[in-house]
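Chain by chain, the residues:
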Amino acid sequence: MGDKEIGSFPATPRTGSAAPTPPISAPPSQLHSPSLTRSPLLSTDDHIQPASKTPKSSTPRIRTPRFITPLGSPIRRALKLTRLDPHDAWLPITESRNGNAYYAAFHTLCSGIGIQALVLPVAFTFLGWSWGIITLTVAFIWQLYTLYLLVHLHESPETGMRYSRYLQLCNATFGEKLAKWFALFPILYLSAGTCITLIIIGAQSCRLFFNTVCGGTCSAQPPTNAEWYLIFTSAAVLLSQLPNLNSIAGVSLVGAITAIAYCTLIWVISVVEGRMPGVSYNPVKGRTEVIRIFDILNALGIIAFAFRGHNLILEIQATMPSDEKHPSRVPMWKGVKIAYTLVAMCLFPLAIAGYWAYGQMIPVDGGMLTALFAFHGQDTSQFLLGLTSLCVIISSLSSFQIYGMPAFDDMESLYVKKKKEPSPWWLRLIFRALFGYLCFFAAVAIPFLASFAGLIGGITLPVTLAYPCFMWVKVKKPKVYGPNWWLNWSLGLFGMALSGLLIAASLFVIIDNGVEFSFFNPA
């Protein structure tokens, strides 16, 4: 590169007192990346220093890219130079930045539709027809609004940063201490906890598929439940060796297609087979008024749990190129709109058709999938039942990759922080295998995790519905007491209060109804 300066606008005159900025090190691939973000685990002191060991190539001073602030902005005039942090070019989430609206739609759809949608009719048994539909609609609109906020918070013209990870944005907005207290656990659960749940559901679906295809006709001895868990986990670990988030776009596409397929197959079969004899739509009433209120709140938690994936939106957007004329929020929002149109076409028919077909008879564990095999296992085509199970397996394998990617990113950032170089392939393999088999151990140890849908929904609700509103007020600073200010403060505070109520109600329902804690005894 010589003494050539990288810049997207004319050099800014320096004052006589301005000290020259020392050169920094960066790998060649970083020069074409618009990212100026740091890993959430990397502090300011972790920047590569010019006097220490450097990557293979180095560059001189680097001018601020055009997208950081509008031309003529006071911030642009104040920030004469900035330093690129090369760490992002070595981490799985930001290693490749050639994504587009279609990739965003694939990833968003794969993370937005999951097995948790199949228990939506369970919430309707407590809420009834009217309140069930109203609540589901309000929750969908609310989470779509917070998605819009996150997409537009990804890039900060004021600071020149791209917040490529949800926790990174929380740190920048609330401070590291508050972010650790209020955001770290829900985000970790939405990553690792979802992967554990996917192993449980995927393994159970493998067993259903085997019994449907081979039951009664094969002489082969079926694997044990724990072996099904191991088979599914090994397949997920093998698939997780794809290097970065952009490289799994095809996997996300397959996962999205199979998720839409099994959601559609389940509700269509349920409608075609007709309502169950003696079906009742009267909301379930507890023994006392207090129990009834807690049951309703637990149902709201189930609905909240159905809308997951917000913790991955910033990561998905980080895979896109961005500049001042073509900010990443434009293709990202286009992809989100496509994805959530399809999400709505899956979730609403599942909830409404499932409640219509089974009413209060819908199983609490497994929801629509369990009901399909329990009520229609004998009178439905074995091909359709096997196809449904196969689609659940493939979708779970695909979702495991995108939910595991933040964990892979965090683990590799520990090595990058220490060594100031990208992780070698063998270490990447060890990290991902370690994560996968730790999730396998947790799935075998606590196979009843899927029974806590309401509690999980309450714990993770702020990540989806509350924190984006607070971050918007903090970062964008809308006019105090203006409509936008009131809207975001109201939604944020209501979301936090609702989260507390849902957690309390879910714990009460779990204690009141009882849960069979079958540790190390996978069903």
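Within an unreviewed UniProt entry, the label attached to the chain reads Amino acid transporter transmembrane domain-containing protein, and the organism entered is Gossypium davidsonii. Its UniProt record gives the chain a comment under Subcellular location (unreviewed entry), which states: "Membrane".

Visitor: Explanation requested: the overall build of the chain in the structure shown.
Guide: Within the chain one finds 16 helices and 4 strands. Among the 523 residues that make up the chain, the fraction classed as buried is 55%. Of all intrachain contacts in the chain linking residues separated by at least 6 positions in sequence, the fraction that spans at least 24 positions is 84%. Surface exposure of the chain reaches about 22400 Å², of which carbon and sulfur atoms provide 68%.

Visitor: Any chance you could explain the packing of aromatic side chains here in plain terms?
Guide: Aromatic rings considered in pairs are described by the distance between their centres and by the relative angle of their planes. Tallied over the full model, the rule gives 19 aromatic pairs. Consider the rings of phenylalanine 400 and phenylalanine 435, whose centres lie 6.2 Å apart with planes at 55 degrees: the pair is tilted. Of this pair, phenylalanine 400 sits in helix H13 (residues 382–419) while phenylalanine 435 is found in helix H14 (residues 425–445), placing the two residues 35 residues apart along the sequence. Residues phenylalanine 400 and phenylalanine 435 agree in their burial class; the two are buried. Members of the aromatic cluster, connected to one another through ring pairs, are Phe470, Tyr481, Trp485, Trp486 and Trp489.

Visitor: I'm lost on the nonpolar core in this one. Help?
Guide: Membership of the largest hydrophobic core comes to 125 residues, with the highest contact counts inside it found for Tyr166 and Tyr262. Residues within four places of tyrosine 166 in sequence aside, it is in contact with Leu150, Ile187, His310, Asn311, Leu314, Glu315, Pro462, Val463, Tyr467, Pro468 and Met471.

Visitor: Help me understand the environment of arginine 162, please; the structure alone is not making it clear to me.
Guide: Mapping arginine 162 onto the fold places it in strand E4 (residues 161–162). In this structure arginine 162 comes out as buried when scored by relative accessible area, which is 0%. Sequence separation between arginine 162 and glutamine 317 is 155 residues, and the spatial gap between their C-alpha atoms is 9.6 Å. A polar contact is formed between the side chain of arginine 162 and the side chain of histidine 154, at a distance of 3.0 Å.

Visitor: What am I meant to see in the side chain of serine 96 here?
Guide: By secondary structure assignment, the location of serine 96 is in the loop between helix H1 (74–78) and helix H2 (101–112). Assessed through its relative accessible area of 16%, serine 96 is described here as buried. Within the structure, the side chain of serine 96 is placed 2.9 Å from the side chain of asparagine 98, a separation counted as a polar contact. What serine 96 contacts, discounting residues up to four positions off in sequence, is Asn244, Asn246 and Thr319.

Visitor: What is the right way to look at the packing of helix H7 (residues 225–239) against H13 in this model?
Guide: Each packed pair of helices is defined by two parameters, the angle between the axes and the distance between the axes. At their nearest, the axes of H7 and H13 sit 9 Å apart, and the two run at 50 degrees to each other. Comparing their axes, H13 and H7 come out oblique. In this structure, H7 meets H13 at a crossing whose hand is right-handed. Where H7 approaches H13, its residues Phe232, Ala235, Ala236 and Leu239 are matched on the opposing element by Ile393, Ser396, Leu397, Phe400 and Gln401. Residues belonging to the contact of H7 with H13 are distributed by class as follows: 7 nonpolar, 2 polar and no charged.

Visitor: When you look at the confidence of the model for the chain in this model, what are you seeing that I'm missing?
Guide: Segments scoring low in pLDDT should not have their predicted coordinates read at a detailed level. Looking at the chain, the pLDDT average stands at 80 and 80% of residues meet or exceed 70. In this model residues 1–84 is a low-confidence stretch, pLDDT under 50, and it forms 160 contacts with partners more than four residues away in sequence or in other chains.

Visitor: Looking at this structure, how should I read the pattern of salt bridges?
Guide: Think of it this way: side chains of opposite charge can pair up when their charged atoms draw near. If you walk through the whole model with that rule in mind, you get 5 salt bridges. A salt bridge links arginine 329 to glutamate 155; its shortest N-O distance comes to 3.9 Å. Of the two residues, arginine 329 is situated in helix H11 (residues 329–358) and glutamate 155 in strand E3 (residues 155–156); the sequence distance between them amounts to 174 residues. Residue class for arginine 329 comes out partly exposed when judged on its relative accessible area of 33%. Judged by relative accessible area, glutamate 155 falls into the buried class, the value being 9%. Residues arginine 165 and aspartate 409 are paired through a salt bridge, measuring 2.8 Å at the closest nitrogen-oxygen approach. With arginine 165 in the loop between E4 and helix H4 (166–174) and aspartate 409 in helix H13, this residue pair connects regions lying 244 residues apart in the sequence. The pair arginine 165 / aspartate 409 is uniform in exposure class, with both members buried. Through salt bridges with shared partners, one network takes in Glu95, Glu412, Arg428 and Arg432.

Visitor: Looking at this structure, I do not really get unusual backbone geometry. What am I missing?
Guide: A positive phi angle is found at lysine 420, which is not glycine, with a value near 60 degrees. Inspection of the secondary structure puts lysine 420 in the loop between H13 and H14. Positive phi values are uncommon outside glycine, yet lysine 477 reaches one of about 50 degrees. Structurally, lysine 477 is set in the loop between helix H15 (453–476) and helix H16 (483–513). The exposed category is assigned to lysine 477, whose relative accessible area is 61%.

Visitor: Hey, could you run me through the environment of serine 240 in this one?
Guide: Among the structural elements, serine 240 can be located in the loop between H7 and helix H8 (249–273). Sequence-wise, serine 240 and arginine 428 are 188 residues apart; in three dimensions their C-alpha atoms are separated by 9.9 Å. Excluding residues within four positions of it along the chain, serine 240 makes contact with Gln401, Phe408 and Arg432.

Visitor: Just checking my understanding: could you explain the side chain of threonine 258 for this structure?
Guide: Within the secondary structure, threonine 258 sits in helix H8. The contacts of threonine 258, once residues within four sequence positions are left out, are Cys391, Ile394 and Ser395.

Visitor: Can you help me understand a nonpolar patch on the surface in this one?
Guide: Taken together, the side chains of Trp425, Trp426, Leu429 and Ile430 present a nonpolar region at the surface, about 480 Å² in accessible area. Relative to the elements of secondary structure, isoleucine 430 occurs in helix H14. The exposure class of isoleucine 430 is partly exposed, given its relative accessible area of 43%.

Cut-offs used in this document
Residues numbered from 1 in each chain as written. Predicted model: local features only at pLDDT ≥ 70, side-chain atom pairs only at ≥ 80, totals over all residues. Heavy atoms only, no water. UniProt positions renumbered as here; feature names shortened; annotations may be inferred. Helix = DSSP H or I, 4+ residues; strand = E, 2+ residues; numbered from the N terminus. Buried < 20%, exposed > 50% of the residue type's maximum accessible area, 1.4 Å probe, protein only. Contact = heavy atoms within 4.5 Å. Areas by Shrake-Rupley, 256 points an atom, 1.4 Å probe, with all protein chains shown as cover. Phe/Tyr/Trp six-rings, centres within 6.5 Å; stacked < 30°, edge-to-face > 60°. Core = buried A, V, L, I, M, F, W, Y, C linked by side-chain atoms within 4.5 Å. Polar contact = N/O pair within 3.5 Å; in protein donor to acceptor, adjacent residues only side chain to side chain. Axes fitted to C-alpha atoms, helices over the stretch in contact; angles between N-to-C directions. Parallel < 35°, antiparallel > 145°, perpendicular 65-115°, else oblique. Left-handed = near helix turned anticlockwise from the far one by under 90°. Nonpolar A, V, L, I, M, F, W, Y, C, P; charged D, E, K, R; others polar. pLDDT = per-residue confidence, 0-100. Salt bridge = Lys/Arg side-chain N within 4 Å of Asp/Glu carboxyl O. Patch = residues over 30% accessible without salt bridge, like charges linked within 9 Å, V, L, I, M, F, W, Y side chains within 5 Å.

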